[in-house]
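As a plain string of letters, each chain reads:
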Amino acid sequence: MHKIAEQCGVKILKPDLHRKSEGKTKVCFCPKTLKMIGRAHGADHLRLVLRLIVESDGNAGELQMETITAVSNVVLSNLVEIRADLFDDVNLGELRAWAAAVKPRLCTTVAALTSALLLIFAGPDLVLPAPAEPDPAEERRREILRKSRANAKRRRLRRDAFVAAAILESS
């Protein structure tokens, strides 16, 4: 992992040293994330992910856990053509901050950032599933259920009217 990061010009530091090296670019404080991605998908995948981030315009300092994982997810999705200039027009820092701010309550920043990147690069036609054709059997079940509820309501109204008439007659 350290050798791969070194090949990409990235220095890996422990998370406790984060404050001491503020302002330095190409420094990563998430060795566990790099190790996890390297073990799960191989050294070549990790090298590609680091290079895509570090070698893009203005994103060299964005070696955060969320960003690294999201870029890895984009590469693994096979929805995007991976090329060297892929992230040149995207400010990963701003996009990560946006994803953290707008993510739904039960959604992670990584998932929101991955979704945003896929929507930017692949477009909604490839990312969002096509609406399914309505199932005729399901439509029929819904119609039967709707009619059943309407009939039950009518029966209740008739029963209540009968009870009310019986009460009025007995008084």
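Shown above is the structure to which this text applies.
Parameters and conventions
- Residues numbered from 1 in each chain as written.
- Predicted model: local features only at pLDDT ≥ 70, side-chain atom pairs only at ≥ 80, totals over all residues.
- Heavy atoms only, no water.
- Helix = DSSP H or I, 4+ residues; strand = E, 2+ residues; numbered from the N terminus.
- Buried < 20%, exposed > 50% of the residue type's maximum accessible area, 1.4 Å probe, protein only.
- Patch = residues over 30% accessible without salt bridge, like charges linked within 9 Å, V, L, I, M, F, W, Y side chains within 5 Å.
- Areas by Shrake-Rupley, 256 points an atom, 1.4 Å probe, with all protein chains shown as cover.
- Salt bridge = Lys/Arg side-chain N within 4 Å of Asp/Glu carboxyl O.
- Lys, Arg positive; Asp, Glu negative; His and termini not counted.
- Charge placed at Lys NZ, Arg CZ, Asp CG, Glu CD.
- Core = buried A, V, L, I, M, F, W, Y, C linked by side-chain atoms within 4.5 Å.
- Contact = heavy atoms within 4.5 Å.

## Focus on unusual backbone geometry
With the exception of glycine, most residues fall at negative phi, and the peptide bonds are largely trans.
Then, in step 1: Although it is not a glycine, N78 adopts a positive phi angle of roughly 60 degrees.
Then, in step 2: Within the element layout of this structure, N78 appears in the loop between α4 (65-77) and α5 (92-102).
Then, in step 3: Here N78 falls in the exposed class, since its relative accessible area comes to 68%.

## Some points on a nonpolar patch on the surface
Then, in step 1: A contiguous nonpolar surface patch, about 320 Å² in accessible area, is contributed by F162, V163 and I167.
Then, in step 2: In this fold, I167 is placed in helix α8 (residues 136-170).

## A few points about a positive patch on the surface
Then, in step 1: Taken together, the side chains of K153, R154, R155, R156 and R158 define a basic patch exposed on the protein surface.
Then, in step 2: What makes R156 partly exposed here is its relative accessible area of 42%.

## Examining the nonpolar core
Then, in step 1: If you look at the biggest cluster of nonpolar residues, it comprises 34 residues, and the most contacted ones within it are L50, L63, I68 and L117.
Then, in step 2: Within the residue set of this core, elements represented by two or more residues are α1 (2-7), α2 (31-41), α3 (43-54), α4, α5 and α6 (109-121).
Then, in step 3: Among the elements that take part in this core, α3 stands out by supplying 6 residues, more than any other.
Then, in step 4: With sequence-adjacent residues up to four places away left out, L50 is seen in contact with I4, A5, C8, L34 and L63.

All we've got here are geometric facts, nothing functional implied.
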